[in-house]
Amino acid sequence: MASTSVSAPAKGASLKRNLGLWAIVGLGLGYMTPTVVFDTFGMVARDTDNVVPAAYLVALVVMMFTAVSYGKMAGAIPSAGSAYTYARESIHPNVGFMVGWTSLIDYVLLPMVNCLIIRSYLEALFPEIPGWIWVVLYCALVTTVIYLTMRGTSNINMLLLVFSIVVMAVFVVMVFAQLMRGEGQGTVASLQPFLHDGVTLGAVLMGATIVCFSFIGFDAVTMYAEEAKTPKIMPKAILLTVVIGGAIFLVAAYFTQLRFPSSDAFPVEAIEDSTLPEIGLQVGGPVFQAILTSAGFAATLASGLASHASVSRMLLVMGRNNVLPKRFFGYINPKTHTPTFNIVLVGAISLLAAAFTLELIAAFINFGALIAFTFVNVSVIAWFAIRKGRRRTPKDIFTFIVLPGIGMVLTGILWANLHVDALIGGAAWAVIGFVYLLVLTRGFRRKVAAFDEAQPVTGFNKVIDE
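Along each chain, residues carry numbers from 1 onward, in the same order as the chain's sequence is written. Only residues with pLDDT of at least 70 get local features here, since the model is predicted, and only at 80 or more are side-chain atom pairs given and counted; chain-wide, interface and lining totals rely on the full set of residues. Calculation of side-chain values draws on the structure's entire complement of heavy atoms; hydrogens and water are dropped beforehand.

S.K.: Sorry, what's going on with helix 16 (residues 358-387) here?
M.R.: Because each turn of an α-helix spans 3.6 residues, side chains separated by three or four positions in sequence point in the same direction. Relative to the 44 Å expected for 30 residues at 1.5 Å per residue, helix 16 spans 41 Å between its end C-alpha atoms, a close match to the ideal helical length. By the criterion of burial, helix 16 is predominantly enclosed, with 26 of the 30 residues buried. Strands are runs of DSSP state E lasting at least two residues, helices are runs of H or I lasting at least four, and both sets are numbered from the N terminus onward. In a helix, the anticipated span is given by 1.5 Å times the number of residues less one. Partly exposed residues are those whose accessible area sits between 20% and 50% of the maximum for their type, while under 20% is buried and over 50% is exposed, using a 1.4 Å probe and protein chains only.

See the structure below:
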């Protein structure tokens, strides 16, 4: 998110340090959109043979290894930025560029995911209205809001987050009562959601590749390194975001799986788009369907506004630094003081939500995310073990080689299990980035410009100066 200061900052300007530990954790959880567990539940249940919690557990374990690596790098390089910053500083600027270019898929497509989920909610509530109408209306609304102002605070995010979690807690209580009455699995304690006859490791890994995009919020947390009250809280904030977010996903997925032992409980069209409205309807009727959908709507809209503003801002920084054509991407409207071309471009891309499924878009996002996560683990080894020489004691070897090495292998395994279309499309995007890198560096003869999303070169801070 960004504030609307007009002029570029003075030389040496920096982002204001006014975000505490829980404010940063709240921003990360809000970016993760906790209600997404219900949106993807049907497709993950179908692909894993109905062991959704197992998929979340695998994804959580992988993310925790990577979160530890993020924490180490955030402590070593406490500047705003993320995987591309760490890869650039610890490995090589060109490697950082490629990691950043690949991660750009996440930023560009996340607004589309939010649009797609909102479309599915409204289609469930108003089935007589074509879905493309909701896509157009949503994109117009969000684009207009961001077009007029990019201001935002963590307080609004926190309110929406609390509302969503309270509704999810009510859902768990309702399902608990229904299970005690013999509905669904008929028990509140069972291993069936994690393991049963016919479940294969390959299926669980495929499910984990779908749900891992739900954890992207902890990656976004690193963007607030320069706005934290002290850089020392960043490793803790990153780990807390993963653990709390993972716990929310696990609990919600566990009780949902007990209540709906088979994906056959949902219509095919709901599985392809979002099962949240259908889950709400079957658990609590039309009234609770509206309540759960409103919670999902609030969380998704907040994430949509944040992701739309965020990618518009990143494109602005890339334009200002001549990574992308400055005349278009570096333009700021003198009346609204916003990067209007970028905002409209992201809105136009989001219109494609009318033609894609959540599963496919999530797979494309995960391509970039898993590449980024892998290179954060590699960056720990490159920075500490190689650059700093911390590989002489058993403790250093375990901390700076073994742990990030395990994280690298695990994220690599998930990456290899992505949807084949995502692998092909992501590879094509990476090739375009490599060719573009050759052009920018004139055949690697000059240094490539950085494009950190939070780089203070634009005058747009993420938080409002009080």
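Picking up where we left off.
S.K.: Before we go on, may I ask you to explain the packing of aromatic side chains in this structure?
M.R.: Within a pair of aromatic rings, the relevant descriptors are the distance that separates the centres and the angle that separates the planes. Side-chain rings of Phe, Tyr and Trp (the six-membered ring for Trp) are treated as a pair once their centres are within 6.5 Å; stacked means planes under 30 degrees apart, edge-to-face means over 60, and tilted covers the remaining angles. Counted according to the given criterion, the structure contains 21 aromatic pairs. When the ring of tyrosine 254 is compared with that of phenylalanine 255, the centres are 5.4 Å apart and the planes differ by 85°; the resulting orientation is edge-to-face. Like tyrosine 254, the residue phenylalanine 255 is buried in the burial classification. Ring plane angle 20° and centroid distance 4.6 Å describe the contact between tyrosine 331 and phenylalanine 341, whose orientation is recorded as stacked. Linking tyrosine 331 in the loop between helix 14 (326-329) and helix 15 (340-350) with phenylalanine 341 in helix 15, this pair joins segments that are 10 residues apart in sequence. With relative accessibility at 29%, the residue tyrosine 331 sits in the partly exposed group.

S.K.: Would you take a moment to explain the packing of helix 13 (residues 276-320) against helix 15 for this structure?
M.R.: Each pair of packed helices can be summarised by the angle the axes make with each other and by the distance between the axes. Closest axis-to-axis distance for the helix 13/helix 15 pair is 9 Å, and the angle between their directions is 130°. The angle between helix 13 and helix 15 places the two elements in the oblique class. The chirality of how helix 13 crosses helix 15 is right-handed. Contact residues: His308, Val311, Ser312, Leu315 and Leu316 in helix 13; Asn342, Ile343, Val346 and Gly347 in helix 15. For the contact of helix 13 with helix 15, the class distribution of residues is 5 nonpolar, 4 polar and no charged. Think of each axis as a best-fit line through the C-alpha atoms, taken over the contacting stretch in the case of a helix, with angles from 0 to 180 degrees between the N-to-C directions. Convention used here: angles under 35 degrees read as roughly parallel, angles over 145 as roughly antiparallel, angles from 65 to 115 as roughly perpendicular, and any remaining angle as oblique. When the near helix sits turned anticlockwise from the far one by under a right angle, the crossing is termed left-handed; a clockwise turn instead gives a right-handed crossing. Contacts between residues were defined by any pair of non-hydrogen atoms, one from each residue, lying within 4.5 Å. Residue classes follow a fixed rule: Ala, Val, Leu, Ile, Met, Phe, Trp, Tyr, Cys and Pro count as nonpolar, while Asp, Glu, Lys and Arg count as charged, and any other residue, Gly among them, counts as polar.

S.K.: What is the right way to look at the environment of cysteine 115 in this model?
M.R.: As for its placement among the helices and strands, cysteine 115 is situated in helix 6 (residues 93-125). Cysteine 115 has contacts with Val135, Tyr138, Cys139, Ser350 and Ala353, leaving out every residue within four places of it along the chain.

S.K.: Any chance you could explain the environment of tyrosine 121 here in plain terms?
M.R.: Relative to the helices and strands, tyrosine 121 is located in helix 6. Residues tyrosine 121 and serine 294 lie 173 residues apart in sequence; the distance between their C-alpha atoms is 8.8 Å. Excluding anything up to four places from it in sequence, tyrosine 121 contacts Thr35, Asp39, Ser274, Leu276, Pro277, Thr293, Gly296, Phe297 and Thr300.

S.K.: Teacher, can you tell me more about the nonpolar core here?
M.R.: Considering soluble globular proteins, one finds that nonpolar side chains tend to be buried as a cluster. Buried Ala, Val, Leu, Ile, Met, Phe, Trp, Tyr and Cys residues that are joined via side-chain atoms within 4.5 Å together make up what is termed a nonpolar core. One finds Phe38, Tyr56, Tyr70, Phe215, Phe218 and Ile279 to be the most contacted residues of the largest nonpolar core, which totals 132 residues. Per element, the largest residue contribution to this core is 18 residues, and it comes from helix 6.

S.K.: What is the right way to read the pattern of salt bridges from this model?
M.R.: Two side chains carrying opposite charge are able to pair once their charged atoms lie near each other. Note on definitions: salt bridges are taken to be side-chain nitrogens of Lys or Arg within 4 Å of carboxyl oxygens of Asp or Glu. Within this structure, the stated rule accounts for 7 salt bridges. Aspartate 47 is the salt-bridge partner of arginine 46, the closest N and O atoms lying 3.0 Å from each other. Linking glutamate 272 and arginine 46 is a salt bridge whose minimum nitrogen-to-oxygen distance equals 3.0 Å. Of this pair, glutamate 272 sits in helix 12 (residues 268-272) while arginine 46 sits in helix 3 (residues 41-48), placing them 226 residues apart in sequence. It is possible to trace a salt-bridge network through shared partners that takes in Arg46, Asp47 and Glu272.

S.K.: Explanation requested: helix 6 in the structure shown.
M.R.: The terminal C-alpha atoms of helix 6 lie 49 Å apart, and with 33 residues this matches the ideal 48 Å at 1.5 Å per residue to within 8%. Working definition for bend: take the seven residues up to and ending at a residue and the seven starting at it, fit an axis to each, and measure the angle between the axes. Of all the bends in helix 6, the greatest reaches close to 35° and is centred on leucine 109; the proline proline 111 follows between one and four positions later. Among the 33 residues in helix 6, 28 count as buried, and that is most of the element.

S.K.: Would you take a moment to explain a nonpolar patch on the surface for this structure?
M.R.: Like charges are joined within 9 Å and nonpolar side chains (Val, Leu, Ile, Met, Phe, Trp, Tyr) within 5 Å, but only among residues with over 30% relative accessible area and no salt bridge; these make up the patches. Every accessible area reported is derived by Shrake-Rupley at a probe size of 1.4 Å, with residue values counting cover from the shown protein chains alone. Taken together, Met64, Val68, Leu239 and Val243 make up a surface patch of nonpolar side chains, about 260 Å² in accessible area. Among the secondary structure elements, those contributing two or more residues to the nonpolar patch are helix 4 (52-76) and helix 11 (234-259). Looking at the element boundaries, methionine 64 is found in helix 4.

S.K.: It is not clear to me how the packing of helix 4 against helix 11 should be interpreted in this structure. Could you clarify?
M.R.: Two elements in contact, helix 4 and helix 11, have axes separated by 9 Å at closest approach and are oriented at 175°. Comparing the axis directions of helix 4 and helix 11 gives the class roughly antiparallel. Across the interface between the two elements, Val52, Pro53, Tyr56, Leu57, Leu60, Met63, Met64, Ala67, Val68, Tyr70, Gly71 and Ala74 of helix 4 pack against Met234, Pro235, Ile238, Leu239, Val242, Val243, Gly246, Phe249, Leu250, Ala253, Tyr254 and Gln257 of helix 11. Partitioning the contact of helix 4 with helix 11 into residue classes produces 21 nonpolar, 3 polar and no charged.

S.K.: Would you mind going over the side chain of threonine 399 with me for this structure?
M.R.: Positionally, threonine 399 belongs in helix 17 (residues 394-416). Of the residues examined, threonine 399 reaches a relative accessible area of 18% and is grouped as buried. Within the local environment of threonine 399, its side chain forms a polar contact with the backbone oxygen of lysine 395, the two atoms lying 2.8 Å apart. Not counting residues within four places of it along the chain, the set of residues in contact with threonine 399 comprises Lys72 and Pro404. Definition of a polar contact: a pair of N or O atoms within 3.5 Å, with one able to donate and the other able to accept a hydrogen when the atoms are protein atoms, and with sequence-neighbouring residues admitted only if both atoms are side-chain atoms.

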